[in-house]
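# Coordinate analysis (summary)
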Amino acid sequence: MGKRIGVALSGGGARGIAHLGILKALDEQGVKISMISGVSSGAIAGVLYGYGYTPDEILKLIKELSVFQVMRPAFGKPGLLHLDEVEKLYNKYLGPQLKFEDLKIPVVVSAAEMNEGITVYFSTGEVIKPLLASSAVPILYQPISFNGKMLNDGGLLNNLPVEPLYNNCDIKIGVHVNPINHKAHVTTLRGMIERTVLLAISNTVKLRLPQCDLLLEPQELRYYRLTSFRKADEIFDVGYRYGMHMERYIQKMVH
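Within every chain, residues take consecutive numbers counted from 1 along the sequence as written. Residues qualify for local features only when their pLDDT is at least 70, as the model is predicted, and side-chain atom pairs are given and counted only at 80 or more; totals for whole chains, interfaces and linings, by contrast, use all residues. Side-chain metrics in this entry use all non-hydrogen atoms of the structure; hydrogen atoms and water are not considered.

The name an unreviewed UniProt entry assigns to the chain is NTE family protein, from the organism Pontibacter akesuensis.

The structure is reproduced here in structure tokens:
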């Protein structure tokens, strides 16, 4: 038996596209993933990859469908965005009845339960609703009601969900796509909202970094905004190049 390799994929809006580049690098390096734990855009990448799409296919799908354009909150418009459009896309590409048990690689999706203020992990039963909830950024989106729970973006409480990998994997690789740009220059209200979310969320990650056997964190991503979906190819490439650059560390870890 080889080592069981688990990967935790953080949230990060458009920066989450870098997860796909890193997954492609791991594929090319022959790294077989046994389990994925993802939150927000990391959960989207994880579920599509676990379902069997290749990283390149997922990139194409995201660009073609602009899943993320639909998910982009309309700042300044009254009312909250509905995730109905995104749900239609998931139904089309994953099937409305998809269960976690159907995935080729086990995936755990985390969301924040807003009433209790705790992280909830989903790894059995229906996939689509938890997946929608995982990336429903609070305040901008209505929470998703599911199984009596009120769910929002899991990154709020835990943006690097390493915990589900603990007892299931020999090696825990964390992929964090939200490095903080300490030279940011915030000038607009929209920028301030984005910055507030980013700083609050980054605090949930610090505690978990030491729990990863290997942390992959492409620093270049700090120059991309959470909403830079138009730069999908570039962001994918940042992830891929970084994943290849880290090859010797990855190989040392997995063998």
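## Structural notes on the packing of aromatic side chains
Each Phe, Tyr or Trp ring (for Trp, its six-membered ring) is paired with any other whose centre lies within 6.5 Å, and the angle between the two planes then decides the class: stacked below 30 degrees, edge-to-face above 60, tilted in between. Enumeration according to the criterion identifies 3 aromatic pairs in this entry. By the ring-pair criterion, three or more aromatic residues cluster together here, those being Tyr51, Tyr53 and Tyr93. Placement of a charge over a ring requires the Lys NZ or Arg CZ to be within 6 Å of the ring centre, with the centre-to-atom vector within 35 degrees of the ring normal. The positively charged end of Lys24 is found above the aromatic ring belonging to Tyr240, 5.3 Å away from the centroid. Above the plane of the ring of Tyr51 lies Lys104, whose end atom (NZ or CZ) is 6.0 Å from the centre.

## Considerations on the pairing of strand β2 (residues 35–39)
Taken across its 5 residues, β2 has 5 buried, putting it largely inside the fold. In β2, alternate side chains face the same way, and those of Met35, Ser37 and Val39 on one face and Ile36 and Gly38 on the other are all buried. With 4 bridges joining them, strand β1 (residues 5–9) and β2 adopt parallel strand pairing. Opposite Val7, over in β2, you have Ile36 as the bridge partner. Note on handedness: a clockwise path from strand one over the helix to strand two, with the strands aimed away from the viewer, defines a right-handed crossover. The helix and strand labels rest on DSSP assignments: H or I over at least four residues marks a helix, E over at least two residues marks a strand, and numbering proceeds from the N terminus. Between β1 and its parallel partner β2, the chain crosses via helix α1 (residues 17–28), and the hand of that crossover is right-handed. Here β2 runs beside strand β3 (residues 107–113); their pairing, made up of 4 bridges, is parallel. Categorising residues by exposure relies on relative accessible area from a 1.4 Å probe, with only protein chains included: less than 20% of the type maximum marks a residue as buried, more than 50% marks it as exposed, and the intermediate range marks it as partly exposed. At least two bridges found by DSSP between two strands are what make those strands a pair.

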